[in-house]
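Here are the chains, one letter per residue:
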Amino acid sequence: MIQFDEKQYKTEVKVLNGQEIRYRAYYDMVYVEHPLDPHYQRMNIFVPEAYYLGESINGYTAETAPIFMPNQVGGYMPGDTCAPDLDRLDPTRPNTVFAALAHGYVVSVPAIRGRSLKDAEGNNIGKAPALIVDLKAAVRFLRLIAEKIPGDVEKIITNGTSAGGALSSLAGATGDHPDYLPYLEKIGAADTSDRIFAASCYCPITNLEHADMAYEWQFDGVYDFHRMHMSMSEGNRPVFSPIDGQMSEEERRVSKEEAKLFPAYVNGLDLKDENGTSLTLDENGQGTFLEYIKKQVLISAGRALDAGEDLSDKTYLTIEQGKAVGIDFSAYVSDITRMKNAPAFDALDLTSPENDEFGNEKTDLMHFTDYSQTNSTVPSAMADAQIIRMLNPMNYIGDDAAKKAGYYRIRHGSCDRDTSLAISAMLNLKLLEQRVRVDYHLPWGRPHSGDYDLPELFAWIDRICKD
């Protein structure tokens, strides 16, 4: 039986940048009965002390406070717990947990298994679908203990960045779907619901089986790449060094072939914009879907102009009377630059993080696209089709067996080069098709990152919770 003792807490006070918060901390709550890795199947829960005193924060009480559930997953690696403190990547500001508590949310931070984990016998225990299974189990645990701590379990909002953003999007699209039940039963998840209220997704690295073709469609003809290699300093701070180069002739051929696969996928989705216009691509990658992407970038540029930003150096934009009215998309893509070689995700030599994510208990690395399996340059195997399906929210948005979140917030920076802008756009459009309320935007000049606009994120949460 899963254990939780509401008396096992610490009362803590944290002061950062002149702001003080008082809260009760429940550390290291194991959220499944049969953990495969107790370190990564536990969570921290933080509750504002005000709620135990009958007080309110920003209009919330012990009964009405949303439960904010950020994950620390990146690169499909394990995501650990954390506590209110300074931000790890930006120590000049408090982290998201501190900010959420100060705003009046109950905060649950689950640790989640990832692709690198092995058990004592050397078996892989963190490959797909471990991340989404653990997050679902964590949601079920919160529902199990709903009567023991403050917070409204009908207002659970997940949050994540990159692979963590993909994880949040999956949680929102797949609530209570039976595909995940055998995995939840294996680890002894609580027999409750794993549906959530809303999903906040920063630059979600998702729809992986179509991400290569989307990437090459966007960056078609751009063959110089620029990226940063991250290492950790002795003080456990990230250190970045640049890597620049040119794609080989073979990679350029792959890029062309992948790009040609994308129109058929887009056209098969039967996407429509808010006016009912079909969004499609011709065999050359041109069409109304491209115009939709261009429109989103122009909206982003327009917001930047309205905020007083000078975009006169962006010669790919046509600006008239202070409004962004046109864009040379090829020049724009060339300006933001390519980050990844082709294929971007399912590497032909099985060297990508995503190849590692789709391994299984005995095999570390596997392909997950037909193209890369067919053209593999090393001995390889294909990941199980059902596992690939379970990691893509696009496969569940229209599935009536899934209890979808009613609200999504998707942020994908206009200069983000980790995945194509098409990935978040398609996610947005499929959600809107199912009448999910989506707050979707491509913040101008923003690279691959998350939690950079917490006041706006919290304002969105407040609106939907008080709607």
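Before reading on, note that the structure itself is shown above.
Every chain begins its residue count from 1, and numbering advances along the sequence as written. Local features in this predicted model are restricted to residues of pLDDT 70 or higher, and side-chain atom pairs are both shown and tallied only at a pLDDT of 80 or more, whereas totals for entire chains, interfaces and linings draw on every residue. With hydrogens and water stripped out, all remaining heavy atoms of the structure feed into the side-chain values.

**Section: the overall build of the protein chain**
Of regular secondary structure, the protein chain possesses 13 helices and 15 strands. In summary, the protein chain has a C-alpha radius of gyration of 22 Å against a globular reference of 23 Å for 467 residues, a match within 12%. For the C-alpha atoms alone, the extent of the protein chain along its principal axes is close to 65 × 60 × 50 Å. Think of it in three bands: with a 1.4 Å probe and only protein chains considered, a residue is buried below 20% of the maximum accessible area for its type, exposed above 50%, and partly exposed in between. Counting every position in the protein chain, which comprises 467 residues, the buried fraction comes to 58%. Long-range pairs, those at least 24 residues apart, make up 72% of the contacts in the protein chain between residues at least 6 apart in sequence. Across the protein chain, the mean location of the 46 positive side-chain charges is 3 Å away from that of the 70 negative side-chain charges. Note on conventions: DSSP H or I runs of at least 4 residues are helices, E runs of at least 2 residues are strands, and numbering of each starts at the N terminus. Radius of gyration means the value over C-alpha atoms here, while the globule rule gives 2.2 Å times the residue count to the 0.38 power. Whether two residues are in contact is decided by their heavy atoms: any pair within 4.5 Å suffices. Counted charges follow a simple rule, with Lys and Arg positive, Asp and Glu negative, and His plus the chain ends left uncounted. Where a charge lies is defined by one atom per residue type: Lys uses NZ, Arg uses CZ, Asp uses CG and Glu uses CD.

**Remarks on the side chain of Asp-179**
Relative to the helices and strands, Asp-179 is located in the loop between helix H3 (163–173) and helix H4 (181–186). With a relative accessible area of 18%, Asp-179 lands in the buried category. Pairing of N or O atoms within 3.5 Å defines a polar contact, subject to two protein rules: one partner must be a possible hydrogen donor and the other a possible acceptor, and residues neighboring in sequence count only if both atoms are side-chain atoms. Polar side-chain contacts of Asp-179 include one of 3.4 Å to the side chain of Arg-389.

**What to know about the sheet that holds strand E7 (residues 198–202)**
A pair of strands is labelled paired if DSSP reports no fewer than 2 bridges between them. Across the sheet, nine strands lie side by side as E1-E2-E3-E5-E4-E6-E7-E14-E15; this open sheet has mixed pairing. Edge positions in the sheet fall to strand E1 (10–16) and strand E15 (437–441), since each has one partner strand and no second. Between one strand axis and the next, the sheet turns by 20° as a mean value, whatever way the strands run. Alignment of E1 against strand E2 (residues 19–30), held across seven bridges, turns out to be antiparallel. Of the residues in E2, the one forming a bridge with Lys-14 is Ile-21. Lines fitted to C-alpha atoms define the axes here, with helix axes fitted over just the stretch in contact, and angles between the N-to-C directions of these axes take values from 0 to 180 degrees.

**Some remarks on helix H12 (residues 421–433)**
For H12, which comprises 13 residues, the first-to-last C-alpha distance of 19 Å matches the rise-based estimate of 18 Å (1.5 Å per residue) to within 8%. The buried fraction of H12 amounts to 11 of the 13 residues, a majority that puts the element mostly inside the structure. Restricting attention to buried positions, one finds in H12 the residues Leu-421, Ala-422, Ile-423, Ser-424, Ala-425, Met-426, Leu-427, Asn-428, Leu-429, Lys-430 and Leu-431. Following H12 by one or two positions, Arg-435 adopts a phi angle in the positive range, close to 65°. The length a helix should cover is 1.5 Å for every residue beyond the first.

**A closer look at unusual backbone geometry**
Omega for the peptide link from Ala-128 to Pro-129 comes to 10°, which places this bond in the cis form. Note on placement: Pro-129 falls in the loop between strand E5 (106–110) and helix H2 (130–144). Along the chain, Ala-342 connects to Pro-343 via a cis peptide bond; the corresponding omega equals -10°. Here the phi dihedral of Asn-17 falls at roughly 50°; this positive angle occurs in a residue that is not glycine. Looking at the secondary structure, you find Asn-17 in the loop between E1 and E2. Of the residues examined, Asn-17 reaches a relative accessible area of 56% and is grouped as exposed. Despite not being glycine, Asp-451 has its phi angle at roughly 60°, a positive value. With respect to the helices and strands, Asp-451 occurs in the loop between E15 and helix H13 (454–466).

**Overview of the pattern of salt bridges**
By definition, a salt bridge exists where a carboxyl oxygen of Asp or Glu is found within 4 Å of a side-chain nitrogen of Lys or Arg. Taken as a whole, this structure holds 30 salt bridges when the rule is applied. In this structure, Asp-179 engages Arg-389 in a salt bridge whose closest nitrogen and oxygen atoms are separated by 3.4 Å. Note that Asp-179 is positioned in the loop between H3 and H4 and Arg-389 in helix H11 (residues 385–390), a separation of 210 residues in sequence. Across the salt bridge formed by Asp-439 and Arg-463, the nearest N and O atoms sit 3.9 Å from each other.

**What to know about the state of the cysteines**
When two cysteine sulfur atoms are found within 2.5 Å, that pair is recorded as a disulfide. Overall, the coordinates contain zero disulfides when judged by the stated rule. Its sulfur unpaired, Cys-82 is 17 Å from the next cysteine sulfur, which belongs to Cys-203. Look at Cys-82 and you get buried, because its relative accessible area is 19%.

**Comments concerning the packing of helix H5 (residues 208–218) against H12**
Contact pair H5 / H12: the axes reach a minimum separation of 8 Å and the direction vectors enclose 120°. Considering the angle they form, H5 stands oblique to H12. Side by side, H5 and H12 meet where His-210, Ala-211, Ala-214, Trp-217 and Gln-218 of the first sit next to Leu-421, Ala-422 and Ile-423 of the second. All residues other than Ala, Val, Leu, Ile, Met, Phe, Trp, Tyr, Cys, Pro, Asp, Glu, Lys and Arg, Gly among them, are scored as polar; the first ten of these are nonpolar and the last four charged. Of the residues that constitute the contact of H5 with H12, the class distribution is six nonpolar, two polar and no charged. Working rule for angles: under 35 degrees goes down as roughly parallel, over 145 as roughly antiparallel, 65 to 115 as roughly perpendicular, anything else as oblique.

**Some remarks on H13**
The terminal C-alpha atoms of H13, which comprises 13 residues, lie 18 Å apart, in line with the 18 Å expected from a rise of 1.5 Å per residue. Burial in H13 covers these residues: Leu-454, Leu-457, Phe-458, Trp-460, Ile-461, Asp-462, Ile-464 and Cys-465. Each element contacted by the buried residues of H13 is listed here: strand E4 (66–70), helix H1 (96–103), strand E6 (152–161), E7, strand E14 (407–411) and E15.

**A few points about the nonpolar core**
Side-chain atoms within 4.5 Å link the members of a nonpolar core, which is a set of buried Ala, Val, Leu, Ile, Met, Phe, Trp, Tyr and Cys residues. By size, the foremost hydrophobic cluster in this structure holds 142 residues, and its most contacted members are Ile-45, Phe-262, Phe-289, Tyr-408 and Met-426. Beyond its immediate stretch of four places on either side in the chain, Ile-45 contacts Arg-24, Ala-25, Tyr-26, Val-106, Val-107, Ser-108, Phe-141, Leu-142, Ile-145 and Ile-149.

**Some points on empty space enclosed by the protein**
Gaps left between atoms show up when a probe the size of a water molecule is rolled over them. Cavity: a set of points on a 1 Å grid over the protein atoms alone where a 1.4 Å probe fits but cannot get out. Pocket: an open set with protein on both sides within 12 Å along at least five of seven lines, its lining residues, like those of a cavity, having an atom within 4 Å of a point. Grid points are joined across faces, edges and corners, and a volume is the space filled by probe spheres set on the points. Throughout the structure, instances matching the rule amount to one cavity of 30 Å³ or more. In this structure, the largest cavity encloses a volume near 50 Å³. Around the largest cavity, the lining residues are Tyr-76, Leu-131, Ile-132, Ala-163, Ala-166, Leu-167, Leu-170 and Leu-391. At the level of secondary structure, the elements contributing two or more residues to the lining of the largest cavity comprise H2 and H3. Broken down by element, the residue count for the lining of the largest cavity peaks at four residues, all from H3.

**Some thoughts on the side chain of Arg-24**
Within the fold, Arg-24 resides in strand E2. In this structure the side chain of Arg-24 is engaged in a polar contact, spanning 3.4 Å, whose partner is the side chain of Tyr-9. Residues in contact with Arg-24, not counting those within four places in the same chain, are Tyr-9, Lys-10, Thr-11, Ile-45, Phe-46, Val-47, Glu-49 and Tyr-52.

**A look at the packing of aromatic side chains**
A ring pair, where both rings are aromatic, is described by two values, the distance of the centres and the angle of the planes. Note on aromatic contacts: the rings of Phe and Tyr and the six-membered ring of Trp form a pair at centre separations within 6.5 Å, being stacked when their planes are under 30 degrees apart, edge-to-face when over 60 apart, and tilted otherwise. Overall, the coordinates contain 22 aromatic pairs when judged by the stated rule. Chaining the aromatic ring pairs together yields one cluster made of Trp-217, Phe-262, Tyr-265, Phe-289, Tyr-316, Phe-329 and Tyr-332. Note on geometry: a ring has a charge over it if NZ (lysine) or CZ (arginine) is within 6 Å of the ring centre and within 35 degrees of the ring normal. A cation over a ring is seen here: Lys-136 above Tyr-180, with NZ or CZ 4.7 Å from the ring centre. When the ring centre of Tyr-396 is taken as reference, the NZ or CZ atom of Arg-389 above it lies at 4.4 Å.

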